[in-house]
Amino acid sequence: MNGERDTSQTRQLSSWPRRLAEETGEFAGGKIDGTLAIVESIGETGYLLGSTLKWIFKSLFQKNVTFGRNALAEQMTRVGVNSIGIVILVQMFIGCILALQLAPTLESYGQLEKVADVVAIAIVRELGPLITAIVLSGFAGASIAAELGAMVESEEIKALKAHAINPIRFLIVPRFLSTVIMIVGLAVIADVIGVIGGLLTSWFVLGISPDAYMESTQNALVTKDFITGLVKAGVFGALVSLIACHAGMTVRGGAVGVGRATTSTVVKSIVAIIGMDAVFTAIFYSFGL
Amino acid sequence: MPYSLRFSIHSDSNSSDFALAKRESDIVISVRELRKSFPNDEGIDVNVLEAVTFDVHRGETVVIMGGSGCGKSTLLNCLIGEYRIDGGSIHYHTQQMECALDITESTEKQFDGIRKRLGILFQSGALFNSLTVAENVALPLKEHSFVDDSIIDIVVTMKLQQVKMLAHRDKYPAQLSGGQKKRAGLARATSLDPEILYYDEPSAGLDPVTSAAIDDLIMDLSKKLNVTSVVVTHEMDSAFRIADRMVMLDKGRVLKIGDRGEFERIRDADPRSLTNDNEKLINQFLNGYSEGPLTDAEGLSQFERLLING
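Residues numbered from 1 in each chain as written. Chains lettered and ligands numbered in written order. Predicted model: local features only at pLDDT ≥ 70, side-chain atom pairs only at ≥ 80, totals over all residues.

**Student:** Looking at this structure, how should I read the overall build of chain B?
**Tutor:** Along its length, chain B carries twelve helices and ten strands. By the burial criterion, 40% of the 310 residues in chain B qualify as buried. Of the contacts formed within chain B by residues at least 6 apart in sequence, a portion of 61% connects residues at least 24 apart. (Helix = DSSP H or I, 4+ residues; strand = E, 2+ residues; numbered from the N terminus. Buried ≥ 20, exposed ≤ 12 C-beta atoms within 10 Å, placed from the backbone. Contact = placed C-beta atoms within 7 Å.)

**Student:** Even after reading the chapter, I still don't get the overall build of chain A, so can you show me in this structure?
**Tutor:** The number of helices and strands found in chain A is nine helices and zero strands. Order of helices (α) and strands (β) in chain A, N terminus to C terminus: α-α-α-α-α-α-α-α-α. Each principal axis of the C-alpha atoms in chain A carries an extent, and together these give about 90 × 65 × 35 Å. Counting every position in chain A, which comprises 289 residues, the buried fraction comes to 38%. Within chain A, residue pairs in contact and separated by at least 24 positions form 86% of the contacts whose partners lie at least 6 positions apart.

**Student:** Would you take a moment to explain the sheet that holds strand β5 (residues 101–102) of chain B for this structure?
**Tutor:** Residue and element names in this part refer to chain B. Taken in spatial order, the four strands line up as β2-β1-β4-β5 in an open sheet, and their pairing is antiparallel. Of all the strands in the sheet, just β2 (45–57) and β5 have a single pairing partner and so form its edges. The sheet contact formed by strand β4 (residues 87–92) and β5 spans two bridges and is antiparallel. When the sheet's bridge partners are listed, histidine 91 is paired in β5 with aspartate 102. Relative to β2, helix α2 (residues 72–79) is tilted by about 65 degrees, and along the sheet it contacts β1 (27–39), β2 and β4. (Pairing = 2+ DSSP bridges. Axes fitted to C-alpha atoms, helices over the stretch in contact; angles between N-to-C directions.)

**Student:** Mind showing me how you'd approach the sheet that holds strand β8 (residues 228–232) of chain B here?
**Tutor:** The strands making up a sheet associate through hydrogen bonds between their backbones, and the pairing can be parallel or antiparallel. Residue and element names in this part refer to chain B. Within the open sheet, the six strands sit side by side as β6-β7-β8-β3-β9-β10. Their pairing is mixed. If you trace the sheet from one side to the other, it starts and ends with β6 (118–121) and β10 (253–259), each paired once. When the angles between neighbouring strand axes are averaged without regard to direction, this sheet yields 15 degrees. Bridging between strand β7 (residues 196–200) and β8 involves five bridges; their strand directions are parallel.

**Student:** Sorry if this is basic, but what is going on with the pairing of β10(B) here?
**Tutor:** The two faces of a sheet get side chains in turn, since along a regular strand they alternate between them. All names here are of chain B. The pairing of strand β9 (residues 245–250) with β10 spans six bridges and is classified as antiparallel. Paired with leucine 249 across the bridge in β10 is valine 254. Between β9 and β10, which pair antiparallel one after the other, the connecting turn spans two residues, and lysine 251 there sits at a positive phi close to 50 degrees.

**Student:** Explanation requested: the nonpolar core in the structure shown.
**Tutor:** In this structure, A:Ala133, A:Ile183, B:Val63, B:Ile64 and B:Tyr198 are the most contacted members of the largest nonpolar core, which totals 139 residues. Top element by residues in this core is helix α4 (residues 115–153) of chain A. It accounts for 19 residues. (Core = buried A, V, L, I, M, F, W, Y, C linked by C-beta atoms within 7 Å.)

**Student:** Even after reading the chapter, I still don't get the packing of helix α8 (residues 223–249) of chain A against helix α9 (residues 254–286) of chain A, so can you show me in this structure?
**Tutor:** When two helices pack together, you describe them by how their axes are tilted relative to each other and by the distance separating the axes. Residue and element names in this part refer to chain A. Relative to each other, α8 and α9 sit at 150 degrees, their axes nearing to 9 Å. With respect to α9, the element α8 is oriented roughly antiparallel. In this structure, α8 crosses over α9, and the sense of that crossing is right-handed. Contacts from Thr228, Lys232, Val235, Phe236, Leu239, Val240, Ile243, Ala244, Ala247 and Gly248 of α8 reach α9 at Ala261, Ser264, Thr265, Lys268, Ser269, Ala272, Ile273, Met276, Asp277, Phe280 and Phe284. When grouped by side-chain class, the residues that make up the contact of α8 with α9 number 13 nonpolar, five polar and three charged. (Parallel < 35°, antiparallel > 145°, perpendicular 65-115°, else oblique. Left-handed = near helix turned anticlockwise from the far one by under 90°. Nonpolar A, V, L, I, M, F, W, Y, C, P; charged D, E, K, R; others polar.)

**Student:** Can you help me understand the interface of chain A and chain B in this one?
**Tutor:** The interface of chain A with chain B comprises ten residues on the first partner and 14 residues on the second. In the side of chain A that touches chain B, the residues fall into four nonpolar, two polar and four charged.

**Student:** What is the right way to read the packing of helix α6 (residues 167–206) of chain A against helix α7 (residues 210–220) of chain A from this model?
**Tutor:** All names here are of chain A. One can describe the packing of α6 onto α7 by two numbers: an axis separation of 9 Å at closest approach and a directional angle of 140 degrees. Taken as axis vectors, α6 and α7 run oblique relative to one another. By crossing handedness, the relation of α6 to α7 is classed as right-handed. Together, Val195, Leu199, Ser202 and Trp203 of α6 and Pro210, Tyr213 and Thr217 of α7 make up the contact between the two elements. Its residues assigned to classes, the contact of α6 with α7 comprises five nonpolar, two polar and no charged.

**Student:** Sorry if this is basic, but what is going on with the environment of A:Ala120 here?
**Tutor:** Along the polypeptide, A:Ala120 turns up in helix α4. Remark: the alpha-carbon pair of A:Ala120 and A:Leu199, spanning 79 residues in sequence, is separated by 9.8 Å.

**Student:** Where do I start with the pairing of β4(B) in this structure?
**Tutor:** Looking at chain direction, β1(B) and β4(B) are connected through five bridges and run antiparallel. By the bridge assignment, B:Arg35 is partnered in β4(B) with B:Gly87.

**Student:** I'm lost on the environment of B:Arg260 in this one. Help?
**Tutor:** Residue and element names in this part refer to chain B. Note on placement: arginine 260 falls in helix α9 (residues 260–268). Overall, the presence of 17 C-beta atoms within 10 Å leaves arginine 260 in the partly exposed class. Sequence-wise, arginine 260 and tyrosine 83 are 177 residues apart; in three dimensions their C-alpha atoms are separated by 29 Å. In this view, arginine 260 contacts Phe240, Ala243, Asp244, Arg245 and Met246; residues no more than four positions away in its chain are not counted.

**Student:** Is there a simple way to explain helix α4 (residues 133–144) of chain B in this structure?
**Tutor:** Quick reminder: α-helices carry 3.6 residues per turn. Residues three or four places apart thus point the same way. Among all positions of α4(B), only B:Val133, B:Ala134, B:Asn136, B:Val137, B:Ala138, B:Leu139, B:Pro140 and B:Leu141 are buried. Structurally, α4(B) contributes buried residues whose contacts are with α5 (149–162) and α6 (178–189) of chain B.

**Student:** Any chance you could explain the environment of B:Pro208 here in plain terms?
**Tutor:** Residues and elements named next belong to chain B. Its location among the elements puts proline 208 in helix α7 (residues 208–225). For proline 208, a count of 11 C-beta atoms within 10 Å corresponds to the exposed category. A sequence separation of 103 residues divides proline 208 from glutamate 105, and the C-alpha atoms of the two residues are 42 Å apart.

**Student:** I would appreciate a short explanation of the confidence of the model for chain B in the present structure.
**Tutor:** Residues and elements named next belong to chain B. The predicted model of chain B has a mean per-residue pLDDT of 83, with 87% of residues at 70 or higher. This model gives residues 1–16 a pLDDT under 50, and the stretch forms 19 contacts once residues within four places in sequence are excluded. Every residue in residues 18–22 is under pLDDT 50, and counting partners more than four places away or in other chains gives four contacts. The ipTM assigned to the predicted complex is 0.78, against a pTM of 0.80. (pLDDT = per-residue confidence, 0-100.)

In structure tokens form, the structure reads like this:
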């Protein structure tokens, strides 16, 4: 009996370090695989950017290369025009929230009238482009990923290639250009609406007159605030469209795969947008912009 | 260059040599020792196609058949350049080409030139859902020809008339039945007047009447347009109706290549009278018997055999 118990205990003792080693190995292996997948995904998205830019340049300089003005107009409507309502709504709320959040602190310093300055700078430099890009990642990015994913699953992409039609030129370029162009336009709208949101809140809640608010806003803002904001918006748009197109074009596994692509587009886009925003902020800060 | 692609004819050759050389010069697609593998869940490469070799001659209809998972679709994807192959060669020799071109060594631009001479009918039709039927058919013409829109419209009308889909020209793919989608897909596949037409499971998912109508359409197009057709299918009725020659695949290997008559002989033979293992296997497949070397090779368990045989 004792002998049997000893053997069993020995087996248990010898098995737990092995199990620990196995589980550690599996965990480490999983992490390495995950990291490699991220690196691979970044590499593929970079390649997609290169190919997209190549086709854009080709279409500019070669007469026989076109990507379809109709397709571009259609995508601009889908990405931009259809997003205007939601961008206005969200940005109006952001303007109101900013004004109300800042008011008590500024009031304690006797600087309530500075609400307009802070709201304007925060909206134009940061929150206008950022919130627009995040809204667009959910609104247009997910839709692009789902559409392309469904096209992959229904063999439409394969059919394009079989007809010697390059899918990047035919599908990606119009989506990329439309997202970049329309996000800049949407960021301008977002800036204006955000400021109006702050103005209305300041007027009706904080008792600051619209004239005084607008004067402070004009004094606080300089051209570089707009330009840096719009440059950021353009880059965010490029990120959203590339991430969405990459996720859509690499869909595997039917409807589940399409669902996974849309979710990953939104998550990856938001992370990439905020990461890029941090990089931009650091660069602008270093150069005093 | 593969032996079958030596097209030179010696002046002192006799008539049979001349016929052979002429036959060889008629080769449009030449597949040699084609290999393709995919990694499994453990990352180990598993061979899906092993040393596949066959030729397709101008104007004939070749049916590639085999059970599920035998590598038919993979072979088709290799032929149309969707998959990069691991070994071997795929030569195309269309009428406008001076010599055969190995697509495994060609540039994307060179292969695009060949793609414009190919038409492909996908299993699902693969119509572009955002475009109408007419726009689907017009797309390859708009992309690859520089003719006026009014001429494209005339060509589209002709192509749709050919497949009896003119009445549905302004419908979107979502508004079409399975058979109509295949017809529209066929109209699009023939829009550039291809020399070679690939069909991926043309009868799959269709009722027998629609399936027969699609088969008639395939034969009609082959005759009228004088195209070379390669049909991937496991619908035996359809295969025997349309094939000039047949290629039987099993586990990624070519079991037999032959005329339709040869396969009909194997199909109609008593399995017990067949001595060749491959022929026994083909006989089982063609007749759809649940018992035989094909299912034995798949390693049915005793329990599965009991379930099938009762």
